[in-house]
Amino acid sequence: MKPAPFNYAKPSSVDEAISLLDGDATLLAGGQSLVATLNMRLSAPDLLVDINGLEELSGISVDGGTVRIGALTRHRELERSEVIAAQAPLIAEAVPLIAHPAIRNRGTVGGSIAFADPAAELPACLLALDGAVEIAGSGGRRKVGAGEFFRGLYDTALEDGELITAIEVPAAAGNQRFAVEEVARRHGDYGMAGVMASVTVNGETVEAARLVYIAAGGTPMLAEGAGAALAGNAIDEASIGAAQSALEGDLDPFDDMNSTAATKLHLARVMTERALKRIAGA
Amino acid sequence: MPDSIDIPPVVVTATVNGERVSRAVEPRMNLVDFLREELELTGSHIGCEHGVCGACTVRVDGTIVRGCLMLAVQADGAEVLTIEGLSESGEIADLQENFKTRNAAQCGFCTPGMLMTAAELLAENPGAGRTEIRQHISGNFCRCTGYQAIVDAIEETGRNRGEK
Ligand SMILES: Cc1cc2nc3c(=O)[nH]c(=O)nc-3n(C[C@H](O)[C@H](O)[C@H](O)COP(=O)(O)OP(=O)(O)OC[C@H]3O[C@@H](n4cnc5c(N)ncnc54)[C@H](O)[C@@H]3O)c2cc1C
Ligand code: FES
Ligand code: FES
(Lines give C-alpha, C1' and ligand atoms only; values in the text may rest on other atoms or scores of the structure.)
(Ligands and ions follow the chains in the order given, each with its own letter.)
Protein backbone atom coordinates (compact mmCIF):
# COMPACT_ATOMS: atom_id res chain seq x y z
CA MET A 1 0.00 0.00 0.00
CA LYS A 2 0.97 3.65 -0.28
CA PRO A 3 0.96 6.19 2.56
CA ALA A 4 -1.83 8.70 3.04
CA PRO A 5 -0.76 12.23 2.09
CA PHE A 6 1.35 14.20 4.55
CA ASN A 7 3.37 17.37 4.63
CA TYR A 8 7.13 17.20 5.05
CA ALA A 9 9.55 19.43 6.92
CA LYS A 10 13.28 19.13 7.41
CA PRO A 11 14.36 21.34 10.31
CA SER A 12 17.97 22.44 10.72
CA SER A 13 18.12 22.55 14.51
CA VAL A 14 16.71 20.62 17.45
CA ASP A 15 14.77 23.69 18.59
CA GLU A 16 13.22 24.09 15.17
CA ALA A 17 12.27 20.40 15.17
CA ILE A 18 10.59 20.80 18.57
CA SER A 19 8.71 23.89 17.40
CA LEU A 20 7.30 21.88 14.48
CA LEU A 21 6.00 19.15 16.76
CA ASP A 22 2.77 20.77 17.86
CA GLY A 23 -0.29 19.45 16.11
CA ASP A 24 -0.44 16.07 14.39
CA ALA A 25 3.26 15.77 13.60
CA THR A 26 5.53 12.73 13.76
CA LEU A 27 9.32 12.59 13.86
CA LEU A 28 11.03 10.74 11.03
CA ALA A 29 14.46 9.29 11.85
CA GLY A 30 15.64 6.14 10.03
CA GLY A 31 12.09 5.46 8.87
CA GLN A 32 12.62 1.71 9.26
CA SER A 33 9.61 1.32 11.50
CA LEU A 34 7.70 4.49 10.73
CA VAL A 35 7.62 4.35 6.91
CA ALA A 36 6.42 0.75 7.08
CA THR A 37 3.48 1.83 9.28
CA LEU A 38 2.78 4.77 6.93
CA ASN A 39 2.83 2.46 3.90
CA MET A 40 0.35 0.18 5.64
CA ARG A 41 -1.69 3.21 6.73
CA LEU A 42 -1.44 2.17 10.35
CA SER A 43 -0.56 5.79 10.94
CA ALA A 44 -1.41 8.90 8.94
CA PRO A 45 0.05 12.09 10.45
CA ASP A 46 -0.43 15.55 8.91
CA LEU A 47 3.27 16.32 9.04
CA LEU A 48 6.53 14.41 9.07
CA VAL A 49 9.42 16.18 10.74
CA ASP A 50 12.59 14.68 9.25
CA ILE A 51 15.47 14.96 11.73
CA ASN A 52 18.06 13.42 9.39
CA GLY A 53 19.70 16.81 8.82
CA LEU A 54 20.50 17.33 12.50
CA GLU A 55 24.23 16.59 12.72
CA GLU A 56 24.22 17.46 16.42
CA LEU A 57 22.23 14.27 17.07
CA SER A 58 24.85 11.94 15.56
CA GLY A 59 27.93 10.36 16.98
CA ILE A 60 29.41 8.39 19.83
CA SER A 61 31.54 9.84 22.60
CA VAL A 62 32.94 8.83 25.97
CA ASP A 63 33.18 11.22 28.88
CA GLY A 64 34.18 10.32 32.43
CA GLY A 65 32.98 6.73 32.35
CA THR A 66 29.80 7.43 30.37
CA VAL A 67 29.23 6.45 26.76
CA ARG A 68 26.92 8.88 24.99
CA ILE A 69 25.29 7.81 21.75
CA GLY A 70 23.50 10.45 19.68
CA ALA A 71 19.91 9.65 18.71
CA LEU A 72 20.64 9.74 14.98
CA THR A 73 23.52 7.27 15.20
CA ARG A 74 22.71 4.42 12.81
CA HIS A 75 22.72 0.78 13.91
CA ARG A 76 25.49 0.21 11.37
CA GLU A 77 27.69 2.86 13.00
CA LEU A 78 27.30 1.12 16.35
CA GLU A 79 28.22 -2.17 14.72
CA ARG A 80 31.44 -0.72 13.35
CA SER A 81 32.43 1.47 16.28
CA GLU A 82 35.61 0.61 18.16
CA VAL A 83 34.40 2.71 21.07
CA ILE A 84 31.24 0.61 21.35
CA ALA A 85 33.20 -2.64 21.02
CA ALA A 86 35.52 -1.60 23.87
CA GLN A 87 33.21 0.38 26.16
CA ALA A 88 29.77 -1.10 25.54
CA PRO A 89 30.38 -4.71 24.47
CA LEU A 90 26.77 -5.69 25.25
CA ILE A 91 25.54 -3.29 22.57
CA ALA A 92 28.26 -4.43 20.17
CA GLU A 93 27.09 -8.02 20.55
CA ALA A 94 23.40 -7.18 20.16
CA VAL A 95 23.47 -4.87 17.14
CA PRO A 96 24.28 -7.45 14.43
CA LEU A 97 21.05 -9.21 15.48
CA ILE A 98 18.96 -6.14 14.57
CA ALA A 99 17.26 -6.66 11.21
CA HIS A 100 19.33 -6.83 8.01
CA PRO A 101 22.23 -4.74 6.65
CA ALA A 102 20.07 -2.43 4.49
CA ILE A 103 17.88 -1.70 7.52
CA ARG A 104 20.82 -1.24 9.88
CA ASN A 105 22.28 1.30 7.43
CA ARG A 106 19.27 3.58 8.03
CA GLY A 107 17.75 2.65 11.40
CA THR A 108 18.76 4.83 14.33
CA VAL A 109 19.31 4.42 18.05
CA GLY A 110 16.79 7.14 18.93
CA GLY A 111 14.14 5.62 16.68
CA SER A 112 14.60 2.21 18.20
CA ILE A 113 14.39 3.53 21.77
CA ALA A 114 11.37 5.75 20.98
CA PHE A 115 9.55 2.96 19.14
CA ALA A 116 10.18 0.71 22.17
CA ASP A 117 9.29 -2.59 20.60
CA PRO A 118 9.38 -5.19 23.40
CA ALA A 119 11.33 -7.51 21.07
CA ALA A 120 13.93 -4.88 20.10
CA GLU A 121 17.52 -5.30 21.19
CA LEU A 122 18.58 -1.72 21.97
CA PRO A 123 15.85 -0.93 24.51
CA ALA A 124 16.77 -4.18 26.31
CA CYS A 125 20.47 -3.28 26.25
CA LEU A 126 19.73 0.18 27.61
CA LEU A 127 17.81 -1.33 30.52
CA ALA A 128 20.39 -4.06 31.18
CA LEU A 129 23.10 -1.39 31.37
CA ASP A 130 20.86 0.81 33.52
CA GLY A 131 21.40 3.67 31.09
CA ALA A 132 19.43 6.85 30.54
CA VAL A 133 17.58 8.65 27.78
CA GLU A 134 18.28 12.32 27.11
CA ILE A 135 15.17 14.17 25.98
CA ALA A 136 14.64 17.68 24.61
CA GLY A 137 11.37 19.58 24.60
CA SER A 138 10.14 23.15 24.57
CA GLY A 139 10.71 23.27 28.33
CA GLY A 140 14.39 22.31 28.03
CA ARG A 141 16.31 19.07 28.39
CA ARG A 142 15.77 16.25 30.84
CA LYS A 143 17.16 12.81 31.48
CA VAL A 144 15.09 9.74 32.25
CA GLY A 145 16.53 6.45 33.55
CA ALA A 146 15.83 3.40 31.41
CA GLY A 147 13.78 1.86 34.24
CA GLU A 148 11.28 4.71 34.10
CA PHE A 149 11.43 5.29 30.36
CA PHE A 150 9.78 2.07 29.15
CA ARG A 151 6.24 2.17 30.51
CA GLY A 152 4.16 -0.33 28.58
CA LEU A 153 3.58 -1.76 25.13
CA TYR A 154 5.00 0.88 22.73
CA ASP A 155 4.52 3.36 25.57
CA THR A 156 7.39 5.47 26.89
CA ALA A 157 8.03 8.50 29.09
CA LEU A 158 8.30 10.69 25.94
CA GLU A 159 5.69 13.45 26.03
CA ASP A 160 4.11 15.11 23.01
CA GLY A 161 6.47 17.66 21.55
CA GLU A 162 9.62 15.97 22.83
CA LEU A 163 12.43 14.21 21.06
CA ILE A 164 15.26 11.96 22.14
CA THR A 165 18.65 13.59 21.65
CA ALA A 166 20.88 10.79 22.96
CA ILE A 167 21.19 7.76 25.18
CA GLU A 168 23.83 7.24 27.82
CA VAL A 169 25.23 4.03 29.25
CA PRO A 170 27.99 3.52 31.80
CA ALA A 171 31.26 2.38 30.20
CA ALA A 172 31.98 -1.29 30.89
CA ALA A 173 34.01 -1.92 34.05
CA GLY A 174 36.67 -4.60 34.43
CA ASN A 175 34.50 -6.69 36.76
CA GLN A 176 31.50 -6.77 34.45
CA ARG A 177 30.62 -9.63 32.11
CA PHE A 178 28.14 -9.45 29.25
CA ALA A 179 26.30 -11.84 26.99
CA VAL A 180 23.48 -11.73 24.47
CA GLU A 181 21.53 -14.86 23.57
CA GLU A 182 18.58 -14.81 21.21
CA VAL A 183 16.47 -17.09 19.04
CA ALA A 184 14.81 -15.79 15.89
CA ARG A 185 13.13 -17.68 13.06
CA ARG A 186 15.51 -16.14 10.57
CA HIS A 187 18.68 -14.14 11.15
CA GLY A 188 17.65 -10.50 11.60
CA ASP A 189 14.02 -11.12 12.46
CA TYR A 190 12.74 -9.82 15.76
CA GLY A 191 13.64 -12.48 18.32
CA MET A 192 11.08 -14.93 19.72
CA ALA A 193 13.03 -14.85 22.96
CA GLY A 194 16.33 -13.50 24.12
CA VAL A 195 18.33 -12.13 27.02
CA MET A 196 20.75 -9.23 27.32
CA ALA A 197 22.81 -10.01 30.41
CA SER A 198 25.04 -7.68 32.39
CA VAL A 199 26.67 -9.32 35.39
CA THR A 200 28.98 -7.66 37.91
CA VAL A 201 31.33 -10.11 39.60
CA ASN A 202 33.74 -10.15 42.49
CA GLY A 203 36.06 -13.02 41.69
CA GLU A 204 33.74 -16.02 41.19
CA THR A 205 30.85 -14.42 43.04
CA VAL A 206 28.05 -12.50 41.38
CA GLU A 207 27.60 -9.08 42.95
CA ALA A 208 24.67 -8.05 40.80
CA ALA A 209 23.01 -9.44 37.69
CA ARG A 210 20.76 -7.46 35.36
CA LEU A 211 19.13 -9.92 33.00
CA VAL A 212 16.77 -8.21 30.55
CA TYR A 213 14.51 -10.25 28.29
CA ILE A 214 13.01 -9.38 24.91
CA ALA A 215 9.59 -10.56 23.73
CA ALA A 216 8.76 -11.42 27.32
CA GLY A 217 6.16 -8.76 28.17
CA GLY A 218 4.99 -5.29 27.14
CA THR A 219 8.41 -3.70 27.69
CA PRO A 220 11.96 -5.01 27.84
CA MET A 221 11.69 -7.08 31.04
CA LEU A 222 14.25 -6.81 33.84
CA ALA A 223 14.20 -10.11 35.73
CA GLU A 224 14.54 -9.05 39.34
CA GLY A 225 13.90 -12.48 40.82
CA ALA A 226 16.52 -14.09 38.61
CA GLY A 227 18.97 -11.33 39.51
CA ALA A 228 18.35 -11.89 43.22
CA ALA A 229 18.81 -15.65 42.78
CA LEU A 230 22.26 -15.07 41.32
CA ALA A 231 23.49 -12.32 43.65
CA GLY A 232 25.96 -13.56 46.24
CA ASN A 233 26.45 -16.90 44.47
CA ALA A 234 28.87 -18.32 41.98
CA ILE A 235 27.42 -19.12 38.56
CA ASP A 236 26.86 -22.88 38.72
CA GLU A 237 24.12 -25.41 38.04
CA ALA A 238 22.31 -24.51 41.27
CA SER A 239 22.26 -20.73 40.78
CA ILE A 240 21.42 -21.05 37.08
CA GLY A 241 18.51 -23.34 38.02
CA ALA A 242 17.31 -20.87 40.65
CA ALA A 243 17.48 -18.00 38.16
CA GLN A 244 15.56 -20.06 35.60
CA SER A 245 12.86 -20.89 38.15
CA ALA A 246 12.45 -17.24 39.06
CA LEU A 247 11.64 -16.32 35.46
CA GLU A 248 8.06 -17.50 35.73
CA GLY A 249 7.42 -14.67 38.20
CA ASP A 250 9.66 -12.14 36.44
CA LEU A 251 8.39 -12.41 32.88
CA ASP A 252 4.98 -11.96 31.34
CA PRO A 253 5.19 -13.17 27.72
CA PHE A 254 2.12 -13.36 25.52
CA ASP A 255 1.09 -15.58 22.63
CA ASP A 256 1.77 -14.30 19.14
CA MET A 257 1.77 -15.78 15.65
CA ASN A 258 5.20 -17.33 16.16
CA SER A 259 4.84 -19.01 19.52
CA THR A 260 2.82 -19.39 22.68
CA ALA A 261 3.65 -17.71 25.98
CA ALA A 262 4.73 -21.09 27.35
CA THR A 263 7.19 -21.60 24.49
CA LYS A 264 8.65 -18.14 25.03
CA LEU A 265 9.12 -18.79 28.74
CA HIS A 266 10.82 -22.08 27.95
CA LEU A 267 13.10 -20.37 25.41
CA ALA A 268 13.89 -17.60 27.90
CA ARG A 269 15.11 -20.25 30.34
CA VAL A 270 17.28 -21.86 27.69
CA MET A 271 18.75 -18.46 26.73
CA THR A 272 19.45 -17.77 30.41
CA GLU A 273 21.49 -20.93 30.79
CA ARG A 274 23.47 -20.24 27.62
CA ALA A 275 24.22 -16.64 28.58
CA LEU A 276 25.24 -17.46 32.15
CA LYS A 277 27.43 -20.38 31.14
CA ARG A 278 29.20 -18.20 28.64
CA ILE A 279 29.71 -15.52 31.28
CA ALA A 280 31.02 -18.05 33.80
CA GLY A 281 33.47 -19.40 31.25
CA ALA A 282 34.85 -15.98 30.37
CA MET B 1 -5.04 13.30 7.24
CA PRO B 2 -4.76 16.19 4.77
CA ASP B 3 -6.00 15.97 1.17
CA SER B 4 -3.24 15.34 -1.30
CA ILE B 5 -4.51 18.37 -3.25
CA ASP B 6 -3.62 20.60 -0.28
CA ILE B 7 -0.06 19.41 -0.19
CA PRO B 8 2.50 21.31 -2.18
CA PRO B 9 4.88 19.08 -4.13
CA VAL B 10 8.51 18.99 -3.07
CA VAL B 11 11.41 19.20 -5.47
CA VAL B 12 13.85 16.32 -5.38
CA THR B 13 17.22 16.77 -7.03
CA ALA B 14 19.51 13.79 -6.92
CA THR B 15 22.25 12.08 -8.87
CA VAL B 16 20.83 8.79 -10.10
CA ASN B 17 23.23 6.41 -11.82
CA GLY B 18 25.59 9.31 -12.38
CA GLU B 19 22.98 11.57 -13.93
CA ARG B 20 21.51 14.64 -12.25
CA VAL B 21 17.71 14.51 -12.14
CA SER B 22 15.13 16.83 -10.70
CA ARG B 23 11.40 16.20 -10.20
CA ALA B 24 8.55 17.72 -8.20
CA VAL B 25 6.81 14.93 -6.29
CA GLU B 26 4.42 14.37 -3.41
CA PRO B 27 6.20 14.11 -0.04
CA ARG B 28 4.62 10.70 0.48
CA MET B 29 6.29 9.16 -2.57
CA ASN B 30 8.70 6.36 -1.67
CA LEU B 31 12.14 6.31 -3.27
CA VAL B 32 11.47 3.08 -5.14
CA ASP B 33 8.28 4.51 -6.67
CA PHE B 34 10.21 7.61 -7.64
CA LEU B 35 12.81 5.49 -9.42
CA ARG B 36 10.26 3.29 -11.15
CA GLU B 37 7.55 5.80 -12.01
CA GLU B 38 9.30 9.14 -12.40
CA LEU B 39 12.57 7.85 -13.86
CA GLU B 40 11.33 4.60 -15.45
CA LEU B 41 14.11 2.65 -13.79
CA THR B 42 12.09 -0.50 -13.25
CA GLY B 43 14.98 -2.76 -12.24
CA SER B 44 14.25 -2.03 -8.58
CA HIS B 45 11.26 -4.15 -7.67
CA ILE B 46 8.45 -3.76 -5.19
CA GLY B 47 7.35 -6.72 -3.10
CA CYS B 48 6.11 -6.17 0.42
CA GLU B 49 6.40 -2.38 0.85
CA HIS B 50 7.26 -2.78 4.51
CA GLY B 51 10.94 -3.65 4.58
CA VAL B 52 10.73 -7.42 4.76
CA CYS B 53 11.54 -8.76 1.28
CA GLY B 54 14.48 -6.70 0.00
CA ALA B 55 13.26 -6.52 -3.62
CA CYS B 56 13.53 -2.73 -3.55
CA THR B 57 17.16 -2.54 -2.37
CA VAL B 58 19.16 0.34 -3.88
CA ARG B 59 22.38 2.15 -2.96
CA VAL B 60 22.15 5.64 -1.51
CA ASP B 61 25.35 7.55 -0.77
CA GLY B 62 27.36 4.36 -0.93
CA THR B 63 25.26 2.06 1.27
CA ILE B 64 22.29 -0.17 0.55
CA VAL B 65 18.84 0.86 1.76
CA ARG B 66 15.24 -0.23 1.38
CA GLY B 67 13.70 1.84 -1.42
CA CYS B 68 10.27 1.30 0.13
CA LEU B 69 11.29 2.67 3.54
CA MET B 70 12.91 5.88 2.35
CA LEU B 71 10.97 8.81 0.94
CA ALA B 72 12.01 10.23 -2.42
CA VAL B 73 12.33 13.65 -0.77
CA GLN B 74 14.91 12.18 1.62
CA ALA B 75 17.12 11.40 -1.37
CA ASP B 76 17.35 15.10 -2.22
CA GLY B 77 21.05 15.82 -2.74
CA ALA B 78 21.99 12.15 -2.59
CA GLU B 79 23.81 9.81 -4.95
CA VAL B 80 21.51 6.95 -5.86
CA LEU B 81 22.66 3.83 -7.64
CA THR B 82 20.13 1.31 -8.95
CA ILE B 83 20.71 -2.09 -10.50
CA GLU B 84 20.76 -0.40 -13.91
CA GLY B 85 23.69 1.82 -12.90
CA LEU B 86 25.45 -0.92 -10.97
CA SER B 87 25.27 -3.25 -13.98
CA GLU B 88 26.54 -0.60 -16.34
CA SER B 89 29.45 0.25 -14.07
CA GLY B 90 30.86 -3.26 -14.45
CA GLU B 91 31.37 -3.53 -10.68
CA ILE B 92 29.44 -6.78 -10.49
CA ALA B 93 30.01 -8.28 -13.94
CA ASP B 94 31.70 -11.29 -12.32
CA LEU B 95 28.87 -11.76 -9.83
CA GLN B 96 26.26 -11.55 -12.57
CA GLU B 97 28.15 -14.12 -14.62
CA ASN B 98 28.21 -16.46 -11.64
CA PHE B 99 24.48 -15.91 -11.03
CA LYS B 100 23.92 -17.01 -14.63
CA THR B 101 26.12 -20.08 -14.63
CA ARG B 102 24.88 -21.20 -11.20
CA ASN B 103 21.22 -20.61 -12.06
CA ALA B 104 20.96 -18.28 -9.08
CA ALA B 105 18.28 -16.27 -10.88
CA GLN B 106 15.14 -18.16 -11.79
CA CYS B 107 12.10 -15.88 -12.11
CA GLY B 108 14.48 -12.98 -11.43
CA PHE B 109 12.17 -10.99 -9.19
CA CYS B 110 14.54 -10.98 -6.23
CA THR B 111 17.70 -10.72 -8.35
CA PRO B 112 18.28 -6.93 -8.51
CA GLY B 113 17.93 -6.62 -4.72
CA MET B 114 20.01 -9.72 -4.18
CA LEU B 115 22.81 -8.36 -6.40
CA MET B 116 22.75 -4.94 -4.69
CA THR B 117 23.01 -6.63 -1.30
CA ALA B 118 25.70 -9.12 -2.33
CA ALA B 119 27.72 -6.32 -3.97
CA GLU B 120 28.00 -4.55 -0.61
CA LEU B 121 29.23 -7.69 1.12
CA LEU B 122 31.73 -8.50 -1.64
CA ALA B 123 33.12 -4.96 -1.56
CA GLU B 124 33.60 -5.06 2.21
CA ASN B 125 34.52 -8.66 2.78
CA PRO B 126 35.17 -10.77 -0.32
CA GLY B 127 36.39 -13.58 1.94
CA ALA B 128 32.99 -13.98 3.63
CA GLY B 129 32.08 -17.59 4.34
CA ARG B 130 28.70 -19.21 3.72
CA THR B 131 27.31 -18.31 7.15
CA GLU B 132 28.26 -14.67 6.74
CA ILE B 133 26.80 -14.66 3.23
CA ARG B 134 23.54 -16.13 4.50
CA GLN B 135 23.37 -13.58 7.31
CA HIS B 136 24.08 -10.73 4.93
CA ILE B 137 21.33 -11.72 2.49
CA SER B 138 18.91 -12.68 5.28
CA GLY B 139 16.77 -9.66 4.44
CA ASN B 140 16.31 -10.64 0.80
CA PHE B 141 13.58 -13.14 0.05
CA CYS B 142 13.86 -15.51 -2.91
CA ARG B 143 10.84 -17.69 -3.56
CA CYS B 144 12.42 -19.76 -6.33
CA THR B 145 15.98 -20.87 -5.83
CA GLY B 146 16.14 -22.11 -2.24
CA TYR B 147 19.15 -19.77 -1.81
CA GLN B 148 21.77 -22.50 -2.28
CA ALA B 149 22.70 -21.36 -5.79
CA ILE B 150 22.74 -17.72 -4.71
CA VAL B 151 25.12 -18.44 -1.85
CA ASP B 152 27.28 -20.49 -4.25
CA ALA B 153 27.46 -17.62 -6.74
CA ILE B 154 28.38 -15.04 -4.11
CA GLU B 155 30.92 -17.32 -2.48
CA GLU B 156 32.59 -18.11 -5.79
CA THR B 157 32.74 -14.45 -6.79
CA GLY B 158 34.40 -13.58 -3.50
CA ARG B 159 36.85 -16.42 -3.85
CA ASN B 160 37.82 -15.38 -7.37
CA ARG B 161 38.22 -11.76 -6.36
CA GLY B 162 40.46 -12.80 -3.47
CA GLU B 163 42.73 -14.69 -5.85
CA LYS B 164 43.26 -11.72 -8.13
C1 LIG C 1 12.12 -6.07 8.29
C2 LIG C 1 12.51 -5.36 9.55
C3 LIG C 1 13.08 -6.08 10.58
C4 LIG C 1 13.43 -5.46 11.76
N5 LIG C 1 14.00 -6.22 12.74
C6 LIG C 1 14.38 -5.63 13.90
C7 LIG C 1 14.99 -6.38 14.94
O8 LIG C 1 15.22 -7.59 14.83
N9 LIG C 1 15.33 -5.73 16.08
C10 LIG C 1 15.11 -4.38 16.24
O11 LIG C 1 15.43 -3.84 17.28
N12 LIG C 1 14.56 -3.64 15.27
C13 LIG C 1 14.19 -4.23 14.11
N14 LIG C 1 13.63 -3.45 13.12
C15 LIG C 1 13.36 -2.02 13.38
C16 LIG C 1 14.58 -1.14 13.17
O17 LIG C 1 15.56 -1.40 14.14
C18 LIG C 1 14.24 0.36 13.24
O19 LIG C 1 15.36 1.02 12.79
C20 LIG C 1 13.88 0.94 14.59
O21 LIG C 1 12.86 0.27 15.24
C22 LIG C 1 13.36 2.35 14.42
O23 LIG C 1 14.39 3.22 14.17
P24 LIG C 1 14.27 4.30 13.03
O25 LIG C 1 15.40 5.22 13.21
O26 LIG C 1 14.14 3.64 11.73
O27 LIG C 1 12.95 5.08 13.46
P28 LIG C 1 11.70 5.61 12.64
O29 LIG C 1 11.08 4.49 11.90
O30 LIG C 1 12.07 6.81 11.88
O31 LIG C 1 10.79 6.05 13.84
C32 LIG C 1 10.18 5.10 14.72
C33 LIG C 1 9.36 5.86 15.76
O34 LIG C 1 10.22 6.57 16.65
C35 LIG C 1 9.97 7.97 16.60
N36 LIG C 1 11.27 8.62 16.69
C37 LIG C 1 12.32 8.42 15.84
N38 LIG C 1 13.40 9.12 16.26
C39 LIG C 1 13.03 9.75 17.40
C40 LIG C 1 13.70 10.63 18.32
N41 LIG C 1 14.98 10.96 18.16
N42 LIG C 1 12.99 11.09 19.38
C43 LIG C 1 11.70 10.73 19.56
N44 LIG C 1 11.01 9.93 18.73
C45 LIG C 1 11.67 9.43 17.67
C46 LIG C 1 9.23 8.20 15.31
O47 LIG C 1 8.41 9.33 15.38
C48 LIG C 1 8.44 6.91 15.16
O49 LIG C 1 7.29 6.97 15.93
C50 LIG C 1 13.25 -4.06 11.92
C51 LIG C 1 12.69 -3.31 10.89
C52 LIG C 1 12.32 -3.95 9.70
C53 LIG C 1 11.72 -3.14 8.59
S1 FES D 1 9.41 -3.88 -1.16
FE2 FES D 1 10.90 -2.95 0.08
S3 FES D 1 11.53 -4.57 1.34
FE4 FES D 1 9.87 -5.47 0.26
S1 FES E 1 14.59 -16.06 -8.52
FE2 FES E 1 12.45 -15.94 -8.23
S3 FES E 1 12.31 -14.92 -6.32
FE4 FES E 1 14.40 -15.29 -6.49
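Our structure is the block above this text.
None of the values given here were measured: they were computed from a predicted structure.

Here is what the cut-offs are and how they apply
Residues numbered from 1 in each chain as written. Chains lettered and ligands numbered in written order. Predicted model: local features only at pLDDT ≥ 70, side-chain atom pairs only at ≥ 80, totals over all residues. Heavy atoms only, no water. Helix = DSSP H or I, 4+ residues; strand = E, 2+ residues; numbered from the N terminus. Rg over C-alpha atoms; globule rule 2.2 N^0.38 Å. Buried < 20%, exposed > 50% of the residue type's maximum accessible area, 1.4 Å probe, protein only. Contact = heavy atoms within 4.5 Å. Areas by Shrake-Rupley, 256 points an atom, 1.4 Å probe, with all protein chains shown as cover. Core = buried A, V, L, I, M, F, W, Y, C linked by side-chain atoms within 4.5 Å. Domains from an automatic or database assignment. Pairing = 2+ DSSP bridges. Buried area = accessible area lost by both parts, 1.4 Å probe. Salt bridge = Lys/Arg side-chain N within 4 Å of Asp/Glu carboxyl O. Polar contact = N/O pair within 3.5 Å; in protein donor to acceptor, adjacent residues only side chain to side chain. Nonpolar A, V, L, I, M, F, W, Y, C, P; charged D, E, K, R; others polar. Axes fitted to C-alpha atoms, helices over the stretch in contact; angles between N-to-C directions. Near = heavy atom within 4 Å. 1 Å grid on protein atoms, 1.4 Å probe; cavity = no way out; pocket = protein on both sides within 12 Å on 5 of 7 lines; lining within 4 Å. Points joined across faces, edges and corners; volume = space filled by probe spheres on them.

Draft legend 1. Geometry of the overall build of chain A. From N to C terminus, chain A includes twelve helices and 14 strands. The C-alpha radius of gyration computed for chain A amounts to 19 Å, which stays within 12% of the reference 19 Å derived for 282 residues, consistent with globular compactness. With 282 residues in all, chain A has 55% of them scored as buried. Of all intrachain contacts in chain A linking residues separated by at least 6 positions in sequence, the fraction that spans at least 24 positions is 62%. When the accessible area of chain A is evaluated, it comes to approximately 11,200 Å², of which 49% is carbon and sulfur surface.

Draft legend 2. Examining the nonpolar core more closely. Membership of the largest hydrophobic core comes to 39 residues, with the highest contact counts inside it found for Ile91, Ile113, Phe149 and Met196 of chain A. At six residues, helix H8 (residues 121–128) of chain A tops the list of elements feeding residues into this core. Two domains each put at least three residues into this core: domain 2 (59–170) and domain 3 (177–281) of chain A. In this structure, Leu38 and Leu48 of chain A together with Leu41 and Val58 of chain B belong to the second largest nonpolar core, which totals 34 residues.

Draft legend 3. Local environment of the pairing of strand S13 (residues 205–214) of chain A. All names here are of chain A. Relative to S13, strand S12 (residues 193–202) runs antiparallel, the two sharing nine bridges. When the bridges of S13 are listed, Val201 appears paired with Val206. Sheet analysis places S13 next to strand S14 (residues 221–222), joined by two bridges and oriented antiparallel. The residue bridging Tyr213 from the neighbouring strand is Met221, located in S14. Between S13 and the antiparallel strand that follows it, S14, lie six residues; Ala215 among them carries a positive phi value of about 55°.

Draft legend 4. Highlighting the interface of chain A and chain B. Facing the 34 residues of chain A at the interface are 33 residues of chain B. Of the roughly 2,800 Å² buried between chain A and chain B on both sides combined, carbon and sulfur atoms contribute 56%. Of all residues in chain A, Pro5, Tyr8 and Arg186 of chain A bury the most surface against chain B, accounting for 19% of the area lost on that side. One can count five salt bridges joining chain A with chain B. Glu124 of chain B is paired through a salt bridge with Arg76 of chain A; the nearest N and O atoms lie 3.6 Å apart. Where chain A touches chain B, the interface holds 15 residue pairs in polar contact (both at pLDDT 80 or more). The set of elements that each furnish at least two residues to the side of chain A that touches chain B consists of strand S1 (7–9), helix H2 (34–39), strand S3 (47–50), helix H3 (75–80) and helix H6 (101–104) of chain A. Of the residues in the side of chain A that touches chain B, the class split is 17 nonpolar, nine polar and eight charged.

Draft legend 5. Fine view of the pattern of salt bridges. Tallying each qualifying case throughout the model produces 28 salt bridges over all chains. Beyond isolated ion pairs, a larger network of salt bridges with shared partners links Arg76, Glu79, Arg80 and Arg104 of chain A together with Glu120 and Glu124 of chain B.

Draft legend 6. Examining the sheet that holds S3 of chain A more closely. All names here are of chain A. Across the sheet, three strands lie side by side as S1-S3-S2; this open sheet has parallel pairing. Sheet topology places S1 and strand S2 (25–28) at the edges, where each strand pairs with a single neighbour. Ignoring strand direction, the axes of neighbouring strands in this sheet form an average angle of 25°. Summarising the sheet, S1 and S3 pair through three bridges and their orientation is parallel. Looking at the pairing, Asn7 lines up with Leu47 of S3.

Draft legend 7. Representation of the site of ligand 1 within the structure. Around ligand 1 lies a shell of 34 residues, among which Leu27, Gly31, Leu34, Thr108 and Glu121 of chain A are the nearest. At the site occupied by ligand 1, the surrounding residues belong to chains A and B. One of the backbone nitrogen or oxygen atoms of Gln32 of chain A is found 2.7 Å away from an oxygen atom of ligand 1. Glu121 of chain A places a side-chain nitrogen or oxygen 2.7 Å from a nitrogen atom of ligand 1. Elements with a contribution of two residues or more to the shell around ligand 1: S2, helix H7 (109–115) and strand S10 (163–170) of chain A. A total of five residues in the shell around ligand 1 trace back to one element, the largest contributor, which is H7 of chain A. Here the residues of the shell around ligand 1 are counted per class, giving 18 nonpolar, 14 polar and two charged.

Draft legend 8. Just the layout of surface pockets, in detail. Looking at the second largest pocket, its volume works out to about 390 Å³. Lining the second largest pocket are 22 residues, and of these Asn52, Arg74 and Arg106 of chain A together with Asp61 and Gln74 of chain B lie nearest its centre.

Draft legend 9. Geometry of the environment of Ala29 of chain A. Residues and elements named next belong to chain A. Looking at the secondary structure, you find Ala29 in the loop between S2 and H2. On the basis of relative accessibility, which here comes to 12%, the residue Ala29 falls in the buried class. A sequence separation of 82 residues divides Ala29 from Gly111, and the C-alpha atoms of the two residues are 6.1 Å apart.

Draft legend 10. Highlighting empty space enclosed by the protein. All names here are of chain A. In total, this model carries one cavity of 30 Å³ or more according to the counting rule given. Of the voids in this model, the largest cavity is the one considered here, and its volume is about 30 Å³. Around the largest cavity, the lining residues are Ala193, Tyr213, Ile214, Ala215, Ala216, Leu251, Pro253, Lys264, Leu265 and Ala268. For the lining of the largest cavity, the element with the most residues is helix H12 (residues 261–281), which contributes three residues. Classifying every residue of the lining of the largest cavity by side-chain character gives nine nonpolar, no polar and one charged.

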